[in-house]
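Each chain is listed here by its residues.
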Amino acid sequence: MKKICLLVSFVAVTFSCTARQPIVGAGKEVDPYHYSITKTALFSKASVVSAHPLASQVGAAVMKRGGNAFDAMIATQLALAVVYPGAGNIGGGGFLIARKANGQLLSIDYREQAPAKAHRDMYLDSAGNALTELSQNGHLSSGVPGTVAGLFAAMPYAKLPFAELIQPAIDLAEFGYVITEEEAANFNADKNDFVKYNTQPLAFVKQVAWKGGDTLVQKDLAETLKRIRDNGAKGFYEGTTADLIVAEMQRGKGCITHEDLKNYRAKEREPLTFTYRGYQVISFPPPSSGGLLLVQMLKMIEPFPVARYGFHSTELVQLMTEAERRAYADRAEYMGDPDFWNVPVKTLTSDAYITARMKDFVPGKAGKSETIKAGIIKESEETTHISIMDAQGNMVAVTTTLNNHYGSKTVVGGAGFLLNDEMDDFSIKPGVPNMYGAVGGEANAIAPGKRMLSSMAPTLLLKNNKPYAVMGTPGGTTIPTSVFQTIVNMVDFNMSAADAVNKPKFHHQWLPDLIYMEKDFPDVTASALEKMGYQLDRRGNIGRTEVIKMNNGKLESAADKRGDDCVAGF
Ligand code: GLY
């Protein structure tokens, strides 16, 4: 096995008074007090790539003990809820896309939804001004969480008992684990917000600053996870946990009720499937915009000689930017929860429509979002992604989110988990940008029980009808463009999984009319685009993409260089 190992061996410098315990059921593979980050590896049988080494190791250990990719997904997502509180969650939602070894496709929508008391103008003041503080932070920003329902919706495809899959998460919460430098920096940066949006004690705040290597123990969260272990989804949506959520809502003027929780259901959706240069792409349909944007962007560039243009060439970056602009303009106009809004999926993905959308593309000349609107026919960036493949050939991609980093910043008092601030993914007022700068209208207006438009794009690639790659990323509105570029990097430029993930990325989302570029994006291409008339904005990281790709029968696995992301497998 080829391993590039960035050794981040932590010595726990603070110790809980609890005696240290091994992770039950995960064997020696998972040591919460000493672990390292492995960025790339070639595994023979099974692989998990996620945002945290301990979560990836938990998933791999489950498969070593006879579990399949679905078991690994459930155990990994639950472990992430403990070791990656910024986005791993039980208080948020997500999307699962999978292909079983027998070829059956599956997509599970466990997106948060608006509470029954939510209404269209709930984030407007009496003068009609948008109150983004309320949609982005604190109790009122939370949608009804979907994650626990989603995990149980995946259980019929798993092999091991749920109690075994959740136990590593319980142990990590109860006995603690050492945090990374990055997590310590995040806790310190958000301390004031945690204090502002909470009235009850929470594990993420302490008097002195956090340091990498400190031990985080989450007793309340461990008790919540035990209730889920013992009572199933009802351990979250009913009983003590539901009482604690509703009490938290009442302390902070939130509006989630017992009924909202009891009524929440994960939904099976029809996966979006299409081809790009002979590869079959399988991605998530509405209420995510992610899959639709991917179809549109890949189909818009397919007629062009992308490989001949060259990687990061001015021609190619301009072409991809113009595809991104057009697809995101359609997002703002047409996309929303399909149970509430008729999303014209067929038209938006039809060859005729896509060809027409690129008719006004002029090579060498910058388009303008002022004039290029939606097509005419009669949706901080914290989310997290898990890619998994197992020895039987099951492929599972899950993207899950609290929306912003640490979501609403509100921890359910006595229950120890963060609630999402997903309500901001609705269009709170037509034309008013959400935290990602995305605008929307009627299609994505708030309504009780409606699911807010997402950009998440967990995606599978098949070659000759056989598993080829599993991928996805966090990044808010940059998610579809990161997946778009990762696919182009692999398909058109034959890149390794690591290169496809780590090469600098760029992003255009129609409005604002800018090309965002990572800091290491090549200057020569950037200058040439400026000369064409594009406005550029250098920014920090775009995405944290996790890819597993077939390589001569082996699982070439790559965790994004942009965080603590880590591969694990065997
Ligand atoms: N909250 C980010 C997304 O769902 O797109």
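Residues numbered from 1 in each chain as written. Predicted model: local features only at pLDDT ≥ 70, side-chain atom pairs only at ≥ 80, totals over all residues. Heavy atoms only, no water.

Q: Tell me what's going on with the overall build of the protein, and back it up with residues and numbers.
A: Regarding its fold elements, the protein presents 19 helices and 20 strands. Expected size for 570 residues packed as a compact globule is a radius of gyration near 25 Å; at 22 Å, the protein falls within 12% of this value. Expressed as lengths along the three principal axes of its C-alpha atoms, the size of the protein is roughly 65 × 60 × 45 Å. For the protein, the proportion of its 570 residues judged to be buried stands at 64%. For the protein, the centre of its 59 positive side-chain charges and the centre of its 60 negative side-chain charges are spaced 4 Å apart. (Helix = DSSP H or I, 4+ residues; strand = E, 2+ residues; numbered from the N terminus. Rg over C-alpha atoms; globule rule 2.2 N^0.38 Å. Buried < 20%, exposed > 50% of the residue type's maximum accessible area, 1.4 Å probe, protein only. Lys, Arg positive; Asp, Glu negative; His and termini not counted. Charge placed at Lys NZ, Arg CZ, Asp CG, Glu CD.)

Q: Any details on the packing of aromatic side chains? Residues and values, ideally.
A: Counted under the stated rule, the structure contains 16 aromatic pairs. Plain terms: the ring middles of Phe187 and Phe204 are 5.2 Å apart, the flat faces sit at 15° to each other, and that makes the pair stacked. One end of the pair, Phe187, is in helix H6 (residues 181–189); the other, Phe204, is in the loop between helix H7 (191–196) and strand E7 (215–216), and 17 residues separate them in sequence. The residues Phe187 and Phe204 share a single accessibility class, namely buried. Judged by centre distance (5.6 Å) and plane angle (70°), the ring pair of Phe311 and Phe493 falls under edge-to-face. Taken together, the ring pairs in this structure connect Phe187, Phe194, Phe204, Trp210 and Tyr406 into an aromatic cluster. Between Lys206 and the ring centre of Trp210, over which it is positioned, the NZ or CZ distance is 4.5 Å. (Phe/Tyr/Trp six-rings, centres within 6.5 Å; stacked < 30°, edge-to-face > 60°. Lys NZ or Arg CZ within 6 Å of the ring centre and 35° of its normal.)

Q: Describe in detail the nonpolar core, supporting the description with residues and values.
A: By size, the foremost hydrophobic cluster in this structure holds 84 residues, and its most contacted members are Ile74, Ile90, Leu96 and Leu225. Here the element with the most residues in this core is helix H2 (residues 69–83); it accounts for 12 residues. Here Ile74 is in contact with Leu151, Ala154, Met155, Ala158, Phe162 and Leu165, once residues within four sequence places are set aside. Residues Leu316, Ile487, Val488 and Trp510 belong to the second largest nonpolar core, which totals 81 residues. (Core = buried A, V, L, I, M, F, W, Y, C linked by side-chain atoms within 4.5 Å. Contact = heavy atoms within 4.5 Å.)

Q: Report on the environment of Ser36, specifying residues and quantitative values.
A: With respect to the helices, strands and loops of the structure, Ser36 is situated in the loop between strand E1 (3–6) and strand E2 (37–43). Residue classification places Ser36 among the buried positions, given a relative accessible area of 18%. The sequence separation of Ser36 and Pro53 amounts to 17 residues, and the corresponding C-alpha distance is 6.9 Å.

Q: Can you tell me about the side chain of Ser107, naming the residues and giving the values?
A: In this fold, Ser107 is placed in strand E5 (residues 105–110). Relative accessible area serves as the criterion here: at 0%, Ser107 is assigned to the buried category. Of the polar contacts made by the side chain of Ser107, one reaches the backbone oxygen of Arg269; its length is 2.7 Å. (Polar contact = N/O pair within 3.5 Å; in protein donor to acceptor, adjacent residues only side chain to side chain.)

Q: I'd like to hear about the sheet that holds strand E12 (residues 395–403), residue by residue, with values.
A: Reading across the sheet, the 7 strands line up as E8-E5-E4-E12-E11-E3-E20 and stay open at both edges, with antiparallel pairing between neighbours. With one partner strand each, in any of the chains shown, strand E8 (267–269) and strand E20 (566–569) form the two edges of the open sheet. Each strand of the sheet is rotated relative to its neighbour by a mean of 15°, with strand direction disregarded. Sheet contacts for helix H1 (residues 53–64): strand E3 (47–50), strand E11 (382–389) and E20; angle to E3, the most-contacted strand, approximately 160°. Sheet contacts for helix H4 (residues 147–154): strand E4 (93–99), E5 and E12; angle to E5, the most-contacted strand, approximately 155°. (Pairing = 2+ DSSP bridges. Axes fitted to C-alpha atoms, helices over the stretch in contact; angles between N-to-C directions.)

Q: So what about the site of the ligand? Which residues, and what values?
A: Close to the ligand lie 11 residues, the nearest being Asn403, Glu422, Asp425, Ser454 and Ser455. Here a nitrogen atom of the ligand and a side-chain polar atom of Asn403 are 2.7 Å apart. At a separation of 2.6 Å, a nitrogen atom of the ligand approaches a polar side-chain atom of Glu422. Contact with the protein chains removes 100% of the 200 Å² of surface that the ligand exposes when unbound. Within the shell around the ligand, the residues separate by chemical class into 2 nonpolar, 5 polar and 4 charged. (Near = heavy atom within 4 Å. Areas by Shrake-Rupley, 256 points an atom, 1.4 Å probe, with all protein chains shown as cover. Nonpolar A, V, L, I, M, F, W, Y, C, P; charged D, E, K, R; others polar.)

Q: Please give an account of H6 that cites residues and values.
A: Buried within H6 we find Glu183, Ala184 and Phe187. Each buried residue of H6 sits inside an arc of 100° when the element is viewed along its axis, so together they form one side. Exposed and oriented more than 90 degrees from the buried face of H6 are Glu181 and Ala189. Among the structural elements, H2, H7 and E7 are those in contact with the buried residues of H6. (Arc of directions from axis to C-beta.)

Q: I'd like a description of the sheet that holds strand E16 (residues 515–518), backed by residues and values.
A: Reading across the sheet, the 3 strands line up as E15-E16-E17 and stay open at both edges, with mixed pairing between neighbours. Each end of this open sheet is capped by a strand with a single partner; those strands are strand E15 (506–507) and strand E17 (536–539). With 4 bridges joining them, E16 and E17 adopt parallel strand pairing. If you follow Tyr516 over to E17, its bridge partner there is Asp537.

Q: Requested: an account of the pairing of E11, with residues and values cited.
A: The side chains of a regular strand alternate, residue by residue, between the two faces of the sheet. Burial of E11 is extensive: 8 of the 8 residues sit out of reach of the surface. Here E11 shows a buried face lined by Glu382, Thr384, Ile386 and Ile388 and a second buried face lined by Thr383, His385, Ser387 and Met389. Where E3 lies against E11, 3 bridges are found, and the strand directions are antiparallel. Across the sheet, Val48 pairs through a bridge with Ile388, a residue of E11. Here E11 pairs with E12 via 8 bridges, running antiparallel. Within E12, the residue paired with Ser387 across the bridge is Ala397. Hairpin geometry of E11 and E12 is characterised by an intervening segment of 5 residues between the two adjacent antiparallel strands and by a positive phi of about 100° at Gly393.

Q: Before we move on, can you summarise the packing of H2 against helix H5 (residues 162–175) with the specific residues and values?
A: The axes of two packed helices give the description: the angle between them and the distance between them. Where H2 contacts H5, the axes come no closer than 8 Å and their chain directions differ by 20°. By the angle class used here, H2 and H5 are roughly parallel. Remark: the crossing between H2 and H5 carries right-handed chirality. Mapping the contact onto sequence places Asp71, Ile74, Ala75, Leu78, Ala79, Val82 and Val83 in H2 and Phe162, Leu165, Ile166, Ala169, Leu172 and Ala173 in H5. In terms of residue class, the contact of H2 with H5 is made up of 12 nonpolar, no polar and 1 charged. (Parallel < 35°, antiparallel > 145°, perpendicular 65-115°, else oblique. Left-handed = near helix turned anticlockwise from the far one by under 90°.)

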